[in-house]
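# Descriptive analysis of the structure
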Amino acid sequence: MKLLLVDDEEKFVSRLAERLELRGFQADWATTIEDALARVSAEKYDIAVLDVKMPSMSGIDLKNRIEKITPGIKFIFITGHGSEKDYDTVCQEAVCCIIKPFKIEALVEQIEQAFKR
Amino acid sequence: MEKEIGKICAEGFTFFGKTNRLISHELKNILAIISETMGLLDELAELSENGMKLTPARLRSMSGSLIEEVERANAVIRCMNTFAHSVDEFIREVDLNEAVALTIQLIKLNPIGKAVKIEFLENGSHMIYTSPFFLENLLYHAFYFALSAAAAQKHIRVSLFADSNNAGVEISGIAPGGFKSFPTPPAELLVKTLGAEILPDSSSGKFYVVLPQKIPEGPAEALLAE
């Protein structure tokens, strides 16, 4: 299963990718919108894990751009924002939304569920 | 006057809430980095028990980044604490230099403050008698606008100026024609409350936030009246 992780916090996203690799996933990561779109154009991913708030574009806008390049790709959002309204809006756009910081098992469970859908 | 007081209070609460949201988001990001780093360390330690090589350099790099994140969190909390003390004395002597430095730290927590560089060219203290909280509120609006309207170089520069009657903040690096949307209605309300002026200089991509040495009588002072 091939994953793309996108978050502007490099230390967070690179370590998360490494931990997912240790669990048998193939996980690429990007810290900018441009890098994320370049990767999606070059590779076919099953699931994209996106930060909701990025410096130059929202995660939802990025999701819409990725969907045009890779129809059928599944999305999981991660966020440090916790308002219920924001959370509900984001959840409607993806398989689920996970609040930072989280246990990696929670993300792995959502990735596996998303892949089965 | 009552209507004005109501409006300025609502604007102040909005700013306070927004700032708390930015701070909590930043702290959650820091906690997420610490959590992933600790989780990875734990997993690498387990793998090393089963024969995988774990080098001292790798360990040092990870412990180093944990220290960096703790320092980052400490800086954010210091900023939060200074901001929270802005309402201790509602109107008082304020060092404009400190107010600008604090507000720049706050705007850097906003996603737009991470996409565009904002640089403060500090040149010493400038004391004015005003409302620190509403000053920070106005400066936040000004910096947010500047970052949103930045020229192609994506670099906003901030400096201070002062004379016997006024002190102020010069903000440069705005794109040509970028001044149409500022001041916004909330910024206009704060300008009026503080007795400030916004002076655009569109030919050089700059604008000035000019502040009186002493806040005029008005809604901010009326908030304190018994």
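Everything that follows concerns the structure shown earlier in this document.
Residues numbered from 1 in each chain as written. Chains lettered and ligands numbered in written order. Predicted model: local features only at pLDDT ≥ 70, side-chain atom pairs only at ≥ 80, totals over all residues. Heavy atoms only, no water.

Residues and elements named next belong to chain A. Here Val13 is to be found in helix H1 (residues 10–22). As for Val13 and Thr31, which are separated by 18 residues in sequence, their C-alpha atoms are 7.7 Å apart. If we skip the residues at most four places from it in the chain, Val13 touches Leu5, Val6, Asp7, Trp29, Ala30 and Thr31. (Helix = DSSP H or I, 4+ residues; strand = E, 2+ residues; numbered from the N terminus. Contact = heavy atoms within 4.5 Å.)

Right, let's get into the sheet that holds strand S5 (residues 96–99) of chain A. Residue and element names in this part refer to chain A. Read from one edge of the open sheet, five strands run S2-S1-S3-S4-S5, paired in parallel fashion. Looking at which strands have only one partner, the edges of the open sheet turn out to be strand S2 (26–30) and S5. The sheet shows a mean angle of 20° between the axes of neighbouring strands, taken without regard to direction. Direction of pairing for strand S1 (residues 2–6) relative to strand S3 (residues 47–51): parallel, over a ladder of four bridges. Each bridged residue has a counterpart across the sheet, and for Val6 the counterpart in S3 is Leu50. (Pairing = 2+ DSSP bridges. Axes fitted to C-alpha atoms, helices over the stretch in contact; angles between N-to-C directions.)

Residue and element names in this part refer to chain A. It is the contact of helix H2 (residues 33–42) with helix H3 (residues 59–69), at a shortest axis distance of 10 Å, that shows an interaxial angle of 20°. Classified by the angle between their axes, H2 and H3 sit roughly parallel to one another. Crossing geometry of H2 relative to H3 is assigned as right-handed. Between H2 and H3, the contacting residues are Ile33, Ala36, Leu37, Val40 and Ser41 on the first element and Leu62, Arg65, Ile66 and Ile69 on the second. By residue class, the composition of the contact of H2 with H3 is seven nonpolar, one polar and one charged. (Parallel < 35°, antiparallel > 145°, perpendicular 65-115°, else oblique. Left-handed = near helix turned anticlockwise from the far one by under 90°. Nonpolar A, V, L, I, M, F, W, Y, C, P; charged D, E, K, R; others polar.)

Another point: the pattern of salt bridges. Under the defined criterion, the tally for this structure stands at 20 salt bridges over all chains. A salt bridge links Lys11(A) to Glu68(B); its shortest N-O distance comes to 2.8 Å. Of this pair, Lys11(A) sits in helix H1 while Glu68(B) sits in helix H2 (residues 56–84), placing the two residues on different chains. Each of Glu9(A), Lys11(A), Glu26(B), Glu68(B), Glu69(B), Arg72(B) and Lys114(B) takes part in one network of salt bridges that share partners. (Salt bridge = Lys/Arg side-chain N within 4 Å of Asp/Glu carboxyl O.)

Further remarks concern the interface of chain A and chain B. Between chain A and chain B, the contact holds 21 residues from the first and 26 residues from the second. Together chain A and chain B conceal approximately 2,100 Å² of surface at their shared face, both sides included; 55% is due to carbon and sulfur atoms. Across the chain A-chain B interface, the total number found is seven salt bridges. Of the charged contacts in the structure, one is a salt bridge between Lys11(A) and Glu69(B), with a shortest N-O distance of 2.6 Å. Seen at the junction of chain A and chain B, the total is 11 residue pairs in polar contact (both at pLDDT 80 or more). Looking at the side of chain A that touches chain B element by element, the count peaks at seven residues for H1(A). Across the side of chain A that touches chain B, the residue classes break down as nine nonpolar, three polar and nine charged. (Buried area = accessible area lost by both parts, 1.4 Å probe. Polar contact = N/O pair within 3.5 Å; in protein donor to acceptor, adjacent residues only side chain to side chain.)

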